[in-house]
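Take a look at the letters that make up each chain.
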Amino acid sequence: MAEISESKGGRWGLVAGLILFGLVLFLVQARREPGSARGADAPAAELSGMRALAVLRTLVGDGSPHPVGSPADDRVRERIVAELRRLGYSPEIQEGSGCNRIGLCARLRNVVARLDGTSPGKAVLLMAHYDSVGAGPGVGDDLSGVATILEVARALKSGPPPKNPVILLLDEGEESGLLGARLFANRHPAAREVGVVVNLEARGTSGPSLMFETSGDDAWMVDLYSRAVPHPVTSSIYATIYDLLPNDTDLTIFKAKDVNGLNFAFIGHPNFYHTSRDNVDSLSTASLQHHGDNALAVTRALAQADLASPPKGDAVFFDVLSFGVVRWPKAWTPVLAVLALVLVALAVRRALRRPWPEPLPRRALLFGLLGFWGTVLAALLLSVGLSLLLRGAMPYTWVDQPQSELTAFWMLGLAAALLVAGAVARRTGPVGLWAAVWIGWAVLGLVVALTAPGISYLFVVPALVAGILGLLLIPGGLAASLVPGLTAAVLWLPIMAPLYDGLGTPALVAIGLLAAVLATTLTPLLPASGALGRRWLPLAGLAVALVSVGLAFASAPYSEDTPQPMAFQLAQDADSGQARWLTFGARPIPPAVRQVASFGETRERAYVWGPEAYRAFVAPAPRLDVPGPQVSVLEDSVVQGKRRVRLLLTSNRGAREAALIAPQGAKLESATVDGAPVQVDPQGFQTIGSSTMGPDGVEVVLVLGETRPQDWHLYDLSPGLPPSGEALVRARPASAVPNQDGDTILVERKVRI
């Protein structure tokens with residue numbers, strides 16, 4: 001086979017394939033950049049990103065964080081109501097309470113408005129949340145969604161009335177556990193009308209608006225989305241991966257009720273997510289425009305659809321460089337996977353029987369299969385090893401200028417594929433490598449089609465193309481290798497390119513492995529490339545990977561554009577008076593901060609009452625002269641061996657959040673906070689309290705399975721630091737920002753109940 005290898009594809013076929021892959025990647029990046037925002041003078045029926053931005057600036061106000069129940073959140077809600085009234089809507093406020101999974105409850109106020117349809121029946125629910133985390137103003141997450149909905153509401157009013165009603169839900173308490181969406185879904189009369197949901201979210205401040213999740217029977221919605229939106233960016237892979245992550249959005253509430261829905265979000269600059277940098281200056285107006293284009297187009301299309309009896313069934317789907325969406329019924333996927341395997345097998349059988357100029361030896365196929373699966377194993381091991389090596393250079397999920405790290409994994413995957421294929425190329429020749437590669441792809445396609453059909457098209461479609469070409473052309477030849485390889489690149493690179501933005505450092509091992517598998521599609525061209533492909537290209541890949549590793553270690557992990565998340569908390573035990581500084585932020589602690597507070601080198605358990613996973617860097621802190629939270633027993637009775645205790649939980653220092661912590665073995669059977677039921681988990685960490693405490697406190701009712709007194713813990717939490725923390729705030733460098741709850745004071749104590 002070595003004698004005929006030079007005739008297959010030519011010496012430069014492999015180089016040409018790699019160049020074409022690079023061009024596809026360039027096109028992917030170019031097509032995934034949203035266009036510029038339309039101006040405020042855009043036609044009334046169109047969505048204008050600049051009009052949405054003007055509304056957004058009004059909503060943000062002075063840029064204060066506005067967590068649920070805060071005065072700043074009240075002001076944001078008032079601005080939303082005023083804007084809806086200005087647009088001719090009649091908003092209502094839905095009030096109620098809700099509790100999250102760990103038992104922290106909140107008083108909620110949702111804003112609900114309605115655009116009536118010309119026909120009675122099911123409605124479209126357009127939804128976003130208006131609360132933020134405590135660290136920042138929440139412009140991307142999710143005032144951008146709120147402003148987009150208000151601009152959509154204006155555009156809808158400017159055109160003919162829709163057939164189906166459109167309900168606008170701007171809910172509160174999403175950041176506290178999807179509380180506002182749950183309140184609407186469970187208690188608002190209009191929830192019974194909802195036939196389909198469109199939810200707007202963000203996990204960053206830039207990038208295209210991805211349609212990343214579906215709910216219910218999605219085939220008809222994907223088809224409608226594909227025909228309605230001008231610049232689609234979506235894949236059934238996103239929904240498959242998202243289902244595996246411990247992440248939720250407001251759509252989760254409706255998904256649990258099997259209500260049809262679509263979820264949109266942009267994820268560029270994820271390092272700004274839930275930090276003080278999630279502000280107007282960081283937001284891409286192009287992303288706001290794309291978000292709005294998607295929302296308006298889909299809402300208009302759904303508002304004309306038959307929501308009473310939509311078609312059943314799910315789809316496998318993906319966009320092709322944002323030009324359009326390919327989709328088919330999910331039930332077809334195993335059939336297509338089997339067809340791909342059969343076509344590839346027939347092409348291999350043809351190669352085994354027909355001379356090229358001599359038949360393919362069976363041992364060549366065996367060595368080729370060893371090479372393919374050896375590539376997968378080698379890439380996995382090398383990527384895991386490189387990930388461990390780069391831990392020092394990547395101390396957080398997202399770091400500044402990650403191009404060096406990404407290049408290292410891409411090049412390592414490419415080098416692994418070329419090195420392993422080069423090791424077996426003399427025994428396989430191009431035909432043997434081609435046969436082994438596409439048997440491997442077809443087998444993977446069938447396995448994934450049966451286990452995760454939403455992902456399977458990555459393997460099935462290229463294998464189908466390879467199988468067809470293998471029956472028509474010379475397997476291992478230039479066209480039979482390049483065309484399915486480029487097909488794979490067009491499908492794979494749009495998924496691989498944003499993986500780091502979506503998942504951070506955990507995605508790097510996957511990138512190295514996927515790069516190697518993708519590169520196997522070009523390895524049939526390697527035998528014809530001579531020493532260039534078998535030696536110099538893999539060595540060049542390894543050299544680039546090695547240099548990239550060095551650059552990664554030479555680069556600072558954080559900057560003002562990619563800040564280190566670092567919030568401080570003063571935690572004080574009201575019983576002992578002992579106070580500590582805590583930071584849950586990313587390592588390492590900046591030297592300037594260490595000069596102010598002597599934080600330890602390793603994380604410690606943050607609270608004696610918290611889960612072991614609650615770990616923080618700890619330093620001694622000056623005692624704070626503030627009272628601890630208080631719990632008063634209003635009623636204590638025993639009925640049929642069950643103890644019922646009614647308590648009043650208060651914060652003597654006016655903190656907005658306070659909670660009781662159930663001890664292990666408390667035999668807690670039920671609990672309510674201001675009448676809202678708490679979901680009790682006898683085996684897990686259980687809080688019972690409120691993040692919207694008023695001056696009069698909240699009433700807590702416990703039902704316990706035993707009558708003996710118990711020792712519980714109690715805490716209250718408030719934003720900001722005391723004067724003793726000003727030096728810490730000043731020492732926090734510009735390359736570090738508060739995140740999540742922001743800087744806080746927590747006072748804890750033990751109580752006997």
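Residues numbered from 1 in each chain as written. Predicted model: local features only at pLDDT ≥ 70, side-chain atom pairs only at ≥ 80, totals over all residues. Heavy atoms only, no water.

## Structural notes on the overall build of the chain
To be explicit about the condition: Runs of E in the DSSP output that reach at least two residues are strands. Runs of H or I that reach at least four are helices, and both are numbered from the N terminus. Type-normalised accessible area, obtained with a 1.4 Å probe on protein chains alone, sets the label of each residue: buried when under 20%, exposed when over 50%, and partly exposed for intermediate values. Residues are treated as being in contact if the distance between any of their heavy atoms lies within 4.5 Å. Computed with a 1.4 Å probe, the accessible areas rest on the Shrake-Rupley method; for each residue, only the protein chains presented here act as cover. Counted as positive: Lys and Arg. Counted as negative: Asp and Glu, with His and the chain ends omitted from the count. For charged residues, the charge sits on one atom: NZ in Lys, CZ in Arg, CG in Asp, CD in Glu.
Helix and strand counts for the chain come out as 19 helices and 24 strands. For the chain, the spread of C-alpha atoms along the principal axes amounts to about 95 × 65 × 60 Å. Looking at the chain residue by residue over its 753 residues, the buried ones come to 57%. Sequence-distant contacts in the chain: of pairs separated by 6 or more residues, those separated by 24 or more amount to 80%. Roughly 29200 Å² of accessible area belongs to the chain as shown, and the carbon and sulfur atoms make up 58% of that amount. Within the chain, one finds 63 positive and 64 negative side-chain charges whose respective centroids are separated by 8 Å.

## Considering the side chain of Glu706
Test applied: Between N or O atoms, a polar contact is any pair within 3.5 Å; within protein, one atom must be a potential hydrogen donor and the other a potential acceptor, and residues adjacent in sequence are included only when both atoms are from side chains.
The topology assignment puts Glu706 in the loop between strand E21 (698-704) and strand E22 (711-719). Within the structure, Glu706 has its side chain in polar contact with the side chain of Arg708 (distance 3.2 Å). Each residue touching Glu706, except ones within four places of it in the same chain, is listed here: Arg643 and Lys667.

## Let's talk about the sheet that holds E21
Stated precisely, the cut-off is as follows: When DSSP finds two or more bridges between two strands, those strands count as paired.
Spatially, five strands are ordered E15-E16-E21-E18-E19 in an open sheet, and the strand pairing comes out antiparallel. Edge positions in the open sheet fall to strand E15 (630-639) and strand E19 (676-677), since each of these has one partner strand only.

## Topic: the packing of helix H12 (residues 403-451) against helix H17 (residues 531-554)
Let me state the cut-off plainly: Fitting a line to C-alpha atoms yields each axis, with helices limited to the stretch in contact; the angle taken between N-to-C directions then spans 0 to 180 degrees. With respect to orientation, any angle under 35 degrees is reported as roughly parallel, any angle over 145 as roughly antiparallel, any angle of 65 to 115 as roughly perpendicular, and every other angle as oblique. Should the near helix be turned anticlockwise from the far one by less than a right angle, the crossing is termed left-handed; should it be turned clockwise, right-handed. For this classification, the nonpolar set comprises Ala, Val, Leu, Ile, Met, Phe, Trp, Tyr, Cys and Pro, the charged set comprises Asp, Glu, Lys and Arg, and every other residue, Gly included, is treated as polar.
Running from amino to carboxyl end, H12 crosses H17 at an angle of 155 degrees, the nearest separation of the two axes being 8 Å. Here H17 runs roughly antiparallel to H12, going by the angle between their axes. Note that H12 runs across H17; the crossing there is left-handed. Along the contact surface, H12 presents Ser404, Glu405, Thr407, Ala408, Met411, Leu412, Ala415, Leu418, Leu419, Gly422, Ala425 and Arg426, while H17 presents Gly533, Arg534, Leu537, Pro538, Gly541, Leu542, Val544, Ala545, Ser548, Val549, Leu551 and Ala552. Partitioning the contact of H12 with H17 into residue classes produces 15 nonpolar, six polar and three charged.

## Brief notes about the packing of aromatic side chains
Note the threshold: Any pair of Phe, Tyr and Trp rings, taking the six-membered ring for Trp, is counted once the centres come within 6.5 Å. Such a pair is stacked with planes under 30 degrees apart, edge-to-face with planes over 60 apart, and tilted for the rest.
Scanning the model with the defined rule gives 16 aromatic pairs in all. Arranged with centres 6.4 Å apart and planes meeting at 45 degrees, the rings of Phe584 and Tyr607 form a pair that is tilted. Taken together, the positions of Phe584 in the loop between strand E12 (579-583) and helix H18 (591-596) and Tyr607 in the loop between strand E13 (604-605) and strand E14 (615-620) put the pair 23 residues apart, joining distant regions of the chain. Residue class for Phe584 comes out partly exposed when judged on its relative accessible area of 37%.

## Concerning the pattern of salt bridges
To be explicit about the condition: Whenever Lys or Arg places a side-chain nitrogen within 4 Å of a carboxyl oxygen from Asp or Glu, that contact is recorded as a salt bridge.
Scanning the entire structure with this criterion turns up 31 salt bridges. In this structure, Asp636 and Arg643 form a salt bridge, with 2.8 Å as the shortest nitrogen-oxygen distance. Using a relative accessible area of 7% as the deciding quantity, one classes Arg643 as buried. What emerges from the salt-bridge pattern is a single network uniting Glu635, Arg644, Arg646 and Glu699.

## A short note on helix H11 (residues 362-389)
Working note: α-helix, 3.6 residues per turn, so residues spaced by three or four point in the same direction. In plain terms, the rule: To estimate the expected span of a helix, count its residues, drop one, and scale the result by 1.5 Å.
In this model, H11 (28 residues) spans 40 Å end to end at C-alpha, consistent with the 40 Å of a helix rising 1.5 Å per residue. Among the residues making up H11, those that are buried are Ala364, Leu365, Gly368, Gly371, Phe372, Thr375, Ala379, Ser383 and Leu386. Where H11 is buried, its residues meet helix H10 (333-353), H12, helix H16 (507-519) and H17.

## Overview of a nonpolar patch on the surface
Put simply, the rule is: Only residues whose relative accessible area exceeds 30% and that take part in no salt bridge are eligible for patches, with like-charged residues grouped when within 9 Å of each other and nonpolar side chains (Val, Leu, Ile, Met, Phe, Trp, Tyr) grouped when within 5 Å.
A surface patch of nonpolar side chains, amounting to about 370 Å² of accessible area, comprises Leu419, Trp536, Leu539 and Leu542. In terms of residue count, H17 provides more of the nonpolar patch than any other element does, three residues in total.

## Describing the nonpolar core
Inclusion rule: Among buried residues, the Ala, Val, Leu, Ile, Met, Phe, Trp, Tyr and Cys ones that are joined through side-chain atoms within 4.5 Å form a nonpolar core.
With 67 residues, the main nonpolar core has Val348, Trp434, Trp438, Trp441, Tyr457, Leu458 and Trp492 as its most contacted residues. It is H12 that provides the largest number of residues to this core, a total of 16 residues. Aside from chain neighbours lying at most four places away, what touches Leu458 is Ile237, Trp441, Leu491, Trp492 and Ile495. Val60, Ala113, Ala297 and Leu307 belong to the second-largest nonpolar core, a separate cluster that totals 61 residues.

## Focus on the state of the cysteines
What is meant by a disulfide is a covalent connection between two cysteines, made through their sulfur atoms. Just so we agree on the cut-off: We call a pair of cysteine sulfur atoms a disulfide when they lie within 2.5 Å.
Counted by the stated rule, this structure contains one disulfide. Shown here is the disulfide that connects Cys99 with Cys105, its sulfur atoms set 2.0 Å apart. Between Cys99 and Cys105, the disulfide has an S-S torsion of 100 degrees and is therefore right-handed. Of the two residues, Cys99 and Cys105, neither departs from the other in class, the shared state being buried.

As far as function goes, none of this settles anything; it's purely spatial.
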